[in-house]
Amino acid sequence: MKTRLLQGIPVIRLLPGRAVVLLAGVLILGACASNPSVDTSIPPLHGAAPVEQVADVDLLATTAEMEAFLERYILPYEDAQTRLNMLTLAITSSGVLGFDYDDTRTLTAAEAFKTRSGNCISFANMMIALARNAGLDASYQEVLIQPVWTSREDTLLITKHINVVVSSPRYSYVVDVSGVRISEYDRRRIIADLDAKTLYYSNIGAEALIGNELPTAWAYLSRAIDMESRLTDPWVNLGVVYARNDQLDAAELAYRTALKIDPSSASAMSNLYEVYLVQEDMIAAAELENKVERYRKKNPYYLMMLSEESLQMGRYEESIRLLERALKKKDDDYILHFAMAKTQYLSGETLAAQNSLHRVRELAPEKLLAYYSRPLHELVMEEQEKAKTEIPQ
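Rules used in this analysis
Residues numbered from 1 in each chain as written. Predicted model: local features only at pLDDT ≥ 70, side-chain atom pairs only at ≥ 80, totals over all residues. Heavy atoms only, no water. Helix = DSSP H or I, 4+ residues; strand = E, 2+ residues; numbered from the N terminus. Areas by Shrake-Rupley, 256 points an atom, 1.4 Å probe, with all protein chains shown as cover. Core = buried A, V, L, I, M, F, W, Y, C linked by side-chain atoms within 4.5 Å. Buried < 20%, exposed > 50% of the residue type's maximum accessible area, 1.4 Å probe, protein only. Patch = residues over 30% accessible without salt bridge, like charges linked within 9 Å, V, L, I, M, F, W, Y side chains within 5 Å. Salt bridge = Lys/Arg side-chain N within 4 Å of Asp/Glu carboxyl O. Lys, Arg positive; Asp, Glu negative; His and termini not counted. Charge placed at Lys NZ, Arg CZ, Asp CG, Glu CD. pLDDT = per-residue confidence, 0-100. Contact = heavy atoms within 4.5 Å. Axes fitted to C-alpha atoms, helices over the stretch in contact; angles between N-to-C directions. Parallel < 35°, antiparallel > 145°, perpendicular 65-115°, else oblique. Left-handed = near helix turned anticlockwise from the far one by under 90°. Nonpolar A, V, L, I, M, F, W, Y, C, P; charged D, E, K, R; others polar. Phe/Tyr/Trp six-rings, centres within 6.5 Å; stacked < 30°, edge-to-face > 60°. Lys NZ or Arg CZ within 6 Å of the ring centre and 35° of its normal.

> For this particular structure, what's the right way to read the overall build of the chain?
Tallying secondary structure elements over the chain gives 16 helices and seven strands in all. In the form shown here, the chain has an accessible surface area of approximately 18,800 Å², with 50% of it arising from carbon and sulfur atoms.

Structure below.
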């Protein structure tokens, strides 16, 4: 069977502050190949508002509107290949259905169809529901790409990837609306509907965690773990919830559980290392330090943090070199470019600093354009004053 990749139709793991959260416009599920025995007891969240009850959802339920769409545009064609072609054409941004990618919204198939938007999970839910109701074979597919780092609301995000495989007797199409570049060498695997549902709950929990809504995050992550306890990401995110709630013993338990499931989980290792430092368990921290350091140096925002430390000590050349390494890993974030503009300005490289500020203005969201339109010396002074008043976390 031939396989075709439909690029340009929509597709995302997470980190907070100094802790690693795993989310997704896709939140990709952790490996569980060894099927370890896991203690699934989940400690309560202390001192929080009453935890909401997480309702069961049918991710793939269809509505009358969805059925009418299929009746009008897809089902009149008897040939399965034609139905597949018409469906994939319909969901492109210029198609009759259309879909706008929004990595902040995790929705069911019905919700995604109604709003014509959502993240990768939302799109996958909608596409699979429509395809199966059109008599086509459709499955969730995890793509094991290199992690992509982004930032949102003072949280570092590891972007991972999921898309959809839809098949007819003659062809198998990979349907993907994210614009993420997929190499032919990237490994792929089909995941079960239950894993996708676990992913849905885990992703809502991670989004709540980004907003520091700890009771909601705890409730959804706990539900994800109840459904499938042998996936690493919900455990890692739950550990971050506990850490933010000053329940370090519970956070340590969650991270250790994630590492029991997947001993190579760098995010769990990094977060556990931070817990050990706060607990002043330097022996345990030392055992993880080298592995964590290698992992973090792949993170452009960690390199930015090291650059800031060098800048504070007046080591301008070192600070710029670190930012150059960060920008080689990620050149499309205004935050990194502003760090470079500030460092270049303070080191006396004013022309280079203005060029970097120009790039900031090209990349910054519209709501921040007025802020970054100000003179660079004002921006740098304001950043320095802000740094003096910030309390280290």
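Additional details are given in the paragraphs that follow.
> Is there a simple way to think about the environment of valine 177 in this case?
Tracing the backbone shows valine 177 in the loop between strand S6 (171–175) and strand S7 (187–191). Along the chain, valine 177 and asparagine 163 lie 14 residues apart, while their C-alpha atoms are 8.1 Å from each other.

> What should I look at first to understand the nonpolar core in this one?
Soluble globular proteins tend to pack their nonpolar side chains together in the buried interior. In terms of nonpolar packing, the biggest core is built from 82 residues, with Phe69, Met126, Leu130, Tyr140, Val166, Trp235 and Tyr242 touching the most fellow members. It is helix H4 (residues 120–133) that contributes the most residues to this core, ten residues altogether. Counting 13 residues, the second largest nonpolar core, distinct from the first, contains Tyr302, Leu323, Ala326 and Met340.

> Can you walk me through a positive patch on the surface in this structure?
Among the surface-exposed residues, Lys291, Arg294, Lys297, Lys298, Arg325 and Lys329 lie close enough to one another that they form a single positively charged patch. Along the chain, the position of lysine 329 falls in helix H12 (residues 316–329). Judged by relative accessible area, which is 45%, lysine 329 ranks as partly exposed.

> Can you walk me through the confidence of the model for the chain in this structure?
The pLDDT averaged across the chain works out to 82; a share of 82% of its residues lies at or above 70. Throughout residues 1–20 the model reports pLDDT below 50, and contacts reaching past four residues in sequence, or to other chains, amount to 120 contacts. The model gives residues 23–34 a pLDDT under 50, and that stretch makes 67 contacts with residues more than four places away or in other chains.

> Looking at this structure, I do not really get the pattern of salt bridges. What am I missing?
Should the charged atoms of two oppositely charged side chains come close, the side chains can pair. According to the stated counting rule, one finds 14 salt bridges in the structure shown. Linking arginine 189 and glutamate 142 is a salt bridge whose minimum nitrogen-to-oxygen distance equals 2.7 Å. Of the two residues, arginine 189 is situated in strand S7 and glutamate 142 in strand S4 (residues 137–152); the sequence distance between them amounts to 47 residues. You can call arginine 189 partly exposed: its relative accessible area is 33%.

> Help me understand the packing of helix H7 (residues 232–244) against helix H8 (residues 248–261) in this model?
A pair of packed helices is characterised by two quantities: the angle between their axes and the separation of those axes. The contact between H7 and H8 brings their axes to 8 Å, and the two run at 165°. It follows that H7 is roughly antiparallel to H8 by the angle criterion. As H7 runs across H8, the sense of the crossing is left-handed. Between H7 and H8, the contacting residues are Thr232, Trp235, Val236, Leu238, Gly239, Val240, Tyr242 and Ala243 on the first element and Leu248, Ala250, Ala251, Ala254, Tyr255, Thr257, Ala258 and Ile261 on the second. Residue composition of the contact of H7 with H8, grouped by class: 13 nonpolar, three polar and no charged.

> What is the right way to look at the environment of alanine 192 in this model?
Residue placement: alanine 192 occurs in the loop between S7 and helix H5 (193–210). Spatially, the C-alpha atom of alanine 192 lies 7.0 Å from that of tyrosine 140, the residues being 52 residues apart in sequence.

> What am I meant to see in the packing of aromatic side chains here?
Each aromatic ring pair is characterised by the separation of its centres together with the angle its planes make. The final tally for this structure, using the stated rule, is eight aromatic pairs. Here the aromatic rings of phenylalanine 99 and phenylalanine 123 are separated by 5.2 Å at their centres, their planes lie at 65°, and the arrangement is edge-to-face. With a gap of 24 residues between them, phenylalanine 99 in the loop between helix H2 (80–90) and strand S2 (100–101) and phenylalanine 123 in helix H4 connect regions that are remote in the sequence. For the pair formed by phenylalanine 99 and phenylalanine 123, the shared burial category is buried. Both rings, one in tyrosine 371 and one in tyrosine 372, keep their centres 4.9 Å apart while their planes meet at 85°; by these two values the pair is edge-to-face. Like tyrosine 372, tyrosine 371 is buried. Against the face of phenylalanine 113 rests arginine 116, its NZ or CZ located 4.3 Å from the ring centre.

> Explain the side chain of threonine 108 here, please?
Inspection of the secondary structure assignment puts threonine 108 in the loop between S2 and helix H3 (109–115). Judged by relative accessible area, which is 9%, threonine 108 ranks as buried. If we ignore the near neighbours within four places in the chain, the residues touching threonine 108 are Asp58, Leu59, Asn125 and Tyr200.

> I'm lost on unusual backbone geometry in this one. Help?
Glycine aside, a negative phi is what most residues show, and trans is what most peptide bonds show. One non-glycine residue, asparagine 212, lies in positive phi territory at about 60°. Structurally, asparagine 212 is set in the loop between H5 and helix H6 (214–227). With relative accessibility at 47%, the residue asparagine 212 sits in the partly exposed group. For glutamate 280, which is not glycine, the phi torsion reads 60° and is therefore positive. Within the secondary structure layout, glutamate 280 lies in the loop between helix H9 (266–278) and helix H10 (282–296). On the accessibility criterion, glutamate 280 (65% relative accessible area) is exposed.

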